[in-house]
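Observations on the model geometry
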Amino acid sequence: MIQRLFAPLALFLVIGFLIGPFLIIVAASFSAGDTLAFPPQGFSLRWIAKVFTVESFRDSFATSMMLAIGGTFCALVLGIPAAYAMSRYKLPLSETVRTIVSAPVIVPGIIVGLALLRYFVVPFGIGITPALFLAHTALVLPYAVRVVSASLANLRSDIEEAAVLLGSSRLGAFFRVVLPNIRGGILSAFILGFVTSFNQVPVSLFLSGPGVRTLPIDMIAYMEIVFDPSVAALSSLLAFMSIGIVFLAERFLGFSRYV
């Protein structure tokens, strides 16, 4: 009897702990007051509308989208062949390569950002935008390799061998047999990499500069000057955008059929 009462209560507490802060931010974004506060002071949509009028938000959003899409795409271009090679062939240094590729995930982001700035960007005089692009690609690469490797592990190698025996080349079998069968993993890697890159803060904090900032960094800078609910409104919009991306991937790409 006690267990039956405790289980729903524990579930309710866990759900409240996970989505409680999000609900508070959403409620605060519709406040009619001039400062960020909870409970909200009335109901208004003016802070939602203001988000679209702030020029720095629009510019940094475009920068974040470019970095997230471009960096994730480049990470997949590099990560898919790497994952295939490590999954299908016994390479002498495969574990070492896997560890090096996973380093950006293991090492804290603030250390990665400082190391890139100190030993890569400054000595070689790399511009802000190329530095951010390379950094975001490196940060997303481990997710691409790990997720695609998991999909390849679930794909029987004899299916590819059958295509080769029937006359297909290795490259043709890769594009006609392997890639279609792991598209669920590729889609998962892209969504995970996109969200990771878009919300990246520590590395972007070190590599951003005058006129070039990602949206999370611009939101932090905005809060240092202005304390109105527009940042809460922007946070709510970004959260709903992430939910919408996952929903569209499920609805139109049949995500659940491949994972």
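Residues numbered from 1 in each chain as written. Predicted model: local features only at pLDDT ≥ 70, side-chain atom pairs only at ≥ 80, totals over all residues. Heavy atoms only, no water.

1. A look at the overall build of the protein chain
Of the regular secondary structure elements, the protein chain holds 13 helices and 0 strands. When its helices and strands are written in sequence order, the protein chain yields α-α-α-α-α-α-α-α-α-α-α-α-α. Taken along its principal axes, the extent of the C-alpha atoms in the protein chain is 70 × 65 × 35 Å. Excluding contacts between residues fewer than 6 apart, the proportion of contacts in the protein chain whose partners are at least 24 apart in sequence is 71%. Carbon and sulfur atoms provide 73% of the accessible area of the protein chain, an area that totals close to 15,200 Å². The averaged location of the 11 negative side-chain charges in the protein chain is 9 Å from the averaged location of its 16 positive side-chain charges. (Helix = DSSP H or I, 4+ residues; strand = E, 2+ residues; numbered from the N terminus. Contact = heavy atoms within 4.5 Å. Areas by Shrake-Rupley, 256 points an atom, 1.4 Å probe, with all protein chains shown as cover. Lys, Arg positive; Asp, Glu negative; His and termini not counted. Charge placed at Lys NZ, Arg CZ, Asp CG, Glu CD.)

2. Here we look at the layout of surface pockets
When its volume is computed, the largest pocket comes out at roughly 200 Å³. Lining the largest pocket, in full, are Val-51, Phe-52, Phe-57, Arg-58, Phe-61, Leu-215, Leu-234, Leu-237, Leu-238 and Met-241. Of all the elements in the fold, those that place two or more residues in the lining of the largest pocket are α3 (55-88) and α13 (230-253). It is α13 that contributes the most residues to the lining of the largest pocket, 4 residues altogether. Looking at side-chain class alone, the lining of the largest pocket contains 9 nonpolar, no polar and 1 charged residues. (1 Å grid on protein atoms, 1.4 Å probe; cavity = no way out; pocket = protein on both sides within 12 Å on 5 of 7 lines; lining within 4 Å. Points joined across faces, edges and corners; volume = space filled by probe spheres on them. Nonpolar A, V, L, I, M, F, W, Y, C, P; charged D, E, K, R; others polar.)

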